[in-house]
Each structure stands twice: as C-alpha cells, then as structure tokens.
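The residues making up each chain are set out below.
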Amino acid sequence: MLAGSSHTSSAHSDWLLVQRTLAGEMRAFELLVLKYQRRVERLIGRLVRDPGLVEDLAQETFIRAYRALSRFRGESAFYTWLYRIAVNTAKRQLAELRRDPVLSMSSLESDDEDETSGSVRELMLQAIDDATPEALLASKEIAQAVNAAMQALPSELCQAITLREIDGLSYEAIARQLECPIGTVRSRIFRAREAISARIKPLLERQGGKRW
Amino acid sequence: MNSPQNLDAMPTSLADGCESLSALVDGECRPEELAALLQSGPQRQGLDAAWTSYQTVGAALRQSAGDDLLPPSTDFVAAVMARLATQALPGVGEVAEMPPQVRARAAANDESWRWKWVAGLAACAAVAAFGWQWLDQEVVVNPELAKSQSASR
C-alpha cells in the first residue's frame, strides 16, 4: 500500500489551486476553503471553547492564508502550511483575549509543528474523540453509506476507486495494473465517485444545510 | 457498463465538469480542464457539491485521522469569500497582467485618452523648441569662444 501517494496527489491538486489563485482566480481559493474548512475548524476547536470564536478564527485563518499565499512555496503540503497558520492565529487570539484554552498552549510552542507530527497530530486525533455524539453519528452514517455503495459497485469501478483512494496509485499505475487506457481509469474512478456520491447525497444535504 | 443514476440525469456540461473535478481531486487534471472548471459559472453549485462529496468519499475510504465526514458550511465559505472580495492579493498584479489587445481597447475607449495625446504632443513640442533654441545659441557662442582662444595664444 502506498499511503503517501494519495497525499502527494492531493498536494499536487492543492498546488494547482494555489497557482490559479495567485493568477487571480478566486474560485480556486474557494475550492481550497471548501476542502479544508472542516479540518481547520476542528483543529481550532481544540484550542478554544467558544464555537462562535472557532468560526471567526477559522475565517481569519483562511484570510491570513490568502494574504500570505505568494509565500507558499510548496515545500510542505498546503494543509500543513494552513494548519500552522490556524494554530498561530488561534494562539495569537488567545493571547489577546486571555481566554482559557482547552489544551495547554505549551504543547504548541514548536515552530516546525505540522499536521502529521507531534502536537498537531495529537490535536487532530483528540478532535475525533471529542466530536459531539451527533457529529459522530452523522460521520458513522456517512461511512456506512460509502461502504454499502462500494459493495454495490460493478467490480471494475470498485477496483479502480480502491487502487486510487486506498492504495494511492496514480492513474498511470492503475492503467498498467488493470491493463486498460488511462482515460478508462479516469472515467471509472469518476463513475465510482458519482455512484457513491448518489448514496451519501441525502446525508450530506441533511448535515450541510442550504446547498447540500 | 451501467451509468450511475445521477450521472444519467446530469447535464453533459456538468458531468464533464465533475469528471474534471474528480481528476483534480487526484492531482491528474489537465491545465486547460482546470481553467474551464474555474470559469464554469452556471454549474458552480453542482460542482461545489461534487467537490465536497468526492472529498468525503476519499476521507471515508481512507478513514484518515482528522477527516470528519461532515460537509463544510456554505455560509462559512460565502463569508470568507465575501471578506476576500474586498482585498487585493499580494503578488496577483504581477501574475495576472491584462492582455495587450484588451489593454489597447480599454485605452482607446478612455475619455481622457485624446487629452493625454494632446498633452504628450505639447510636451514633445516644448522640449523640441527648447532644444532647438539651445543649439542655436551654441552655434552663435562657439565661434566667438574659438576666436578669443586663438587670440590669447
């Protein structure tokens, strides 16, 4: 299993969106906000108690990220860079407001912290444990719906999406393994995603409010 | 191969956009596809939903730490984008230059354009006149200087 490859492709996708944002296309940044909003909120939610403040700080995180975007060099993954901004934004705000953080701030002092190591990873894992019962139930329902949809997929679609999402293979590698053209791989993965999306759409709509 | 039900009901342009989005999720989107994706106004809502859904599917299959499966709030995204709409992104000016033909057309339509021309021509004429006068004086003054120098020797 190539666990890192999935992250690499996600990082490449983020890099493309950052470049388009820097070229003046705000829509690209909107896709990044859509992608990372929940993660950033969960991270900040570990540092402050007030839900209203969590949302404000998450917004501020994206604003700061946008302003600093030209300094993002792609040396780390975009989400790692973003999480660092989120933590720093929360720390600065806490210092100003003199509020009591849920976690000891001393565990976040390291400058080279990132999502995949040390204190921030700990935060992320604790965020899962601390999710509200409603959020846990909703996430569980969505996961079950995804699994059920996977089992109902035609085998060629199931193979393609598994090789992509779980094994983290590139389209080219999947094409070699399945002995089919890259275009077919791309189409199968898309169709698999759409089939699964159809199953989870009602659940996402229930959770997401207005649009979904 | 049977199409998923929602794909059958989807307009072709949205289906194409969603396929490009799916490739973008995997970092396999071609530049021209990405450019088209980012300009797809009428399909925006459907594409946002697909983007969120594809991310959720991936997170659920990988069961990644930190990936809760709840969708983002559209109000939140709208609020961030509204705040950003009033701000200039540092560095954007240098990247996104106006194409020359658009720049020329904009200039031609500018009301002050003719006055700028007149002012420019007037400035050029003034410089030329001043330069001519100065050269004229040089011609008159220099022979006398030459004469006085040769006399002193």
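The coordinates are above.
Here's a quick rundown of the structure.

Here is what the cut-offs are and how they apply
- Residues numbered from 1 in each chain as written.
- Chains lettered and ligands numbered in written order.
- Predicted model: local features only at pLDDT ≥ 70, side-chain atom pairs only at ≥ 80, totals over all residues.
- Helix = DSSP H or I, 4+ residues; strand = E, 2+ residues; numbered from the N terminus.
- Buried ≥ 20, exposed ≤ 12 C-beta atoms within 10 Å, placed from the backbone.
- Contact = placed C-beta atoms within 7 Å.
- Axes fitted to C-alpha atoms, helices over the stretch in contact; angles between N-to-C directions.
- Parallel < 35°, antiparallel > 145°, perpendicular 65-115°, else oblique.
- Left-handed = near helix turned anticlockwise from the far one by under 90°.
- Nonpolar A, V, L, I, M, F, W, Y, C, P; charged D, E, K, R; others polar.
- Core = buried A, V, L, I, M, F, W, Y, C linked by C-beta atoms within 7 Å.
- Expected span 1.5 Å × (residues − 1).
- Arc of directions from axis to C-beta.

1. A word on the overall build of chain B
Counting its regular elements, chain B contains eight helices and zero strands. Looking at chain B as a whole, 27% of its 153 residues are labelled buried. Within chain B, counting contacts between residues at least 6 apart in sequence, those at least 24 apart form 42% of the total.

2. Quick look at the overall build of chain A
Each helix and strand counted, chain A has nine helices and zero strands in total. Reading the helices (α) and strands (β) of chain A from amino to carboxyl end gives α-α-α-α-α-α-α-α-α. Across the 212 residues that make up chain A, the buried fraction comes to 43%. Long-range contacts, defined here as pairs at least 24 residues apart, represent 64% of the contacts in chain A between residues at least 6 apart.

3. Section: the packing of helix α2 (residues 26-45) of chain A against helix α4 (residues 44-62) of chain B
At a closest axis distance of 10 Å, the pairing of α2 of chain A and α4 of chain B adopts a crossing angle of 40°. Judged by the angle between their axes, α2 of chain A and α4 of chain B are oblique. In the crossing of α2 of chain A with α4 of chain B, the sense of the turn from one axis to the other is right-handed. Contacts between α2 of chain A and α4 of chain B pair Leu31, Leu34 and Lys35 of chain A from the former with Asp48, Trp51, Thr52 and Gln55 of chain B from the latter.

4. Examining the packing of helix α2 (residues 12-25) of chain B against α4 of chain B
Residue and element names in this part refer to chain B. Packing of α2 against α4 brings their axes to within 10 Å, and their N-to-C directions diverge by 35°. Crossing hand, α2 versus α4: right-handed. Taking contact as the criterion, the partners of Leu14, Gly17, Cys18, Leu21, Ser22 and Val25 in α2 are, on α4, Gly46, Leu47, Ala50, Trp51, Tyr54, Gln55 and Gly58. Here the contact of α2 with α4 is composed, by residue class, of eight nonpolar, five polar and no charged.

5. Some points on the nonpolar core
One finds Ile44, Leu82 and Val146 of chain A together with Leu21 of chain B to be the most contacted residues of the largest nonpolar core, which totals 74 residues. The element best represented in this core is α2 of chain A, accounting for ten residues. For Ile44 of chain A, the contacting residues outside a window of four places in its chain are Val54, Leu57, Ala58, Ala86 and Ala90 of chain A.

6. Observations regarding unusual backbone geometry
Residues other than glycine seldom take positive phi values, yet Glu179 of chain A does so here, at roughly 55°. Along the chain, Glu179 of chain A turns up in the loop between α8 (171-178) and α9 (182-208).

7. Here's the deal with the environment of Ala60 of chain B
Looking at where Ala60 of chain B falls in the secondary structure, it is placed in helix α4. When near neighbours in sequence (up to four residues on either side) are disregarded, Ala60 of chain B contacts Ile142, Ala143 and Val146 of chain A together with Leu69 of chain B.

8. Description of the environment of Ala143 of chain A
In this fold, Ala143 of chain A is placed in helix α6 (residues 133-152). For Ala143 of chain A, a count of 18 C-beta atoms within 10 Å gives the class partly exposed. In this structure the C-alpha to C-alpha distance between Ala143 of chain A and Ser70 of chain A, which are 73 residues apart in sequence, comes to 37 Å. The residues touching Ala143 of chain A, leaving out its near neighbours within four places in the chain, are Ala60 and Leu69 of chain B.

9. Digging into α6 of chain A
Residue and element names in this part refer to chain A. The end-to-end C-alpha separation of α6 is 29 Å, in line with the 28 Å expected for 20 residues at 1.5 Å each. Within the span of α6, buried status applies to Ala138, Ser139, Ile142, Ala145, Val146, Ala149 and Met150. Angularly, the buried residues of α6 cover 140° about the axis, an arc narrow enough to put them on a single face. Relative to its buried face, α6 has exposed residues pointing more than 90 degrees away, namely Pro133, Leu137, Lys140, Ala148, Gln151 and Ala152.

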